[in-house]
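Residue-level structure breakdown
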Amino acid sequence: MPHIETKNGKVKKLAGLHLYHDPLSSCAMRVRMGLAEKNLPWQSHIIDLAKMEHATAEYQSINPSGLVPTLIHDGRTYIGRRDQRVQILPCRSNRQSVVREPRAVGRQHGAL
Ligand SMILES: N[C@@H](CCC(=O)N[C@@H](CS)C(=O)NCC(=O)O)C(=O)O
């Protein structure tokens, strides 16, 4: 899941893990499953696709692709790419993100 520079000032200030997602999105479900598997606490921000909330200027200032999910970790923004999956690491420290930078699908066990 590539890291992008967010233009949204509020998001830059978010501490911990925050997931912008639609409960019915299978793309977002993969990330929710990874977070649950690693027992990581996270805060939910619902983006209702049926209500076109992903098409708002506010959401697109967080994720310019207008797709869900968007994962924020300590103000850093991670968005999905078709050929890449996020890997959520089992432990956290102040120096290392729990979200590993992109890897190609199928190259690594444990990738989401
Ligand atoms: N490769 C991305 C794809 C994200 C994606 O396609 N999300 C869909 C929901 S599963 C979406 O936001 N669709 C809204 C739209 O296409 O307008 C990922 O896995 O995160």
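Right, let's walk through the structure included here. (Residues numbered from 1 in each chain as written. Predicted model: local features only at pLDDT ≥ 70, side-chain atom pairs only at ≥ 80, totals over all residues.)

A word on the overall build of the chain
From N to C terminus, the chain includes three helices and seven strands. For the chain, the sequential pattern of α-helices and β-strands runs β-α-β-α-β-α-β-β-β-β. For the chain, with 112 residues in total, the buried portion stands at 26%. A fraction of 63% describes how many contacts in the chain between residues 6 or more apart in sequence connect residues 24 or more apart. (Helix = DSSP H or I, 4+ residues; strand = E, 2+ residues; numbered from the N terminus. Buried ≥ 20, exposed ≤ 12 C-beta atoms within 10 Å, placed from the backbone. Contact = placed C-beta atoms within 7 Å.)

Quick look at the nonpolar core
Ranked by internal contacts, the top residues of the largest apolar core, which has 14 residues, are M1, Y20, L71 and Y78. Those elements giving two or more residues to this core turn out to be β2 (17–21), α2 (26–37), β4 (70–73) and β5 (76–79). (Core = buried A, V, L, I, M, F, W, Y, C linked by C-beta atoms within 7 Å.)

With respect to the site of the ligand
Close contacts around the ligand come from eleven residues, with S25, C27, L67, V68 and G80 the closest. The residue makeup of the shell around the ligand, split by class, is five nonpolar, four polar and two charged. (Near = placed C-beta within 6 Å. Nonpolar A, V, L, I, M, F, W, Y, C, P; charged D, E, K, R; others polar.)

Details of the environment of A28
Relative to the helices and strands, A28 is located in helix α2. Here A28 falls in the buried class, since 23 other C-beta atoms lie within 10 Å of it. Apart from the residues within four sequence positions on either side, A28 is in contact with H21, D22, V68 and P69.

Looking at the sheet that holds β2
Sheet architecture is open: five strands sit in the order β1-β5-β4-β2-β3, paired in mixed fashion. The sheet is open, and its two edges are formed by β1 (3–4) and β3 (43–46), each paired on a single side. Docked against the sheet, α2 engages β2 and β4, running at close to 155° with respect to β2. (Pairing = 2+ DSSP bridges. Axes fitted to C-alpha atoms, helices over the stretch in contact; angles between N-to-C directions.)

Observations regarding the environment of V99
Within the secondary structure layout, V99 lies in strand β7 (residues 99–104). Sequence separation between V99 and L71 is 28 residues, and the spatial gap between their C-alpha atoms is 9.0 Å.

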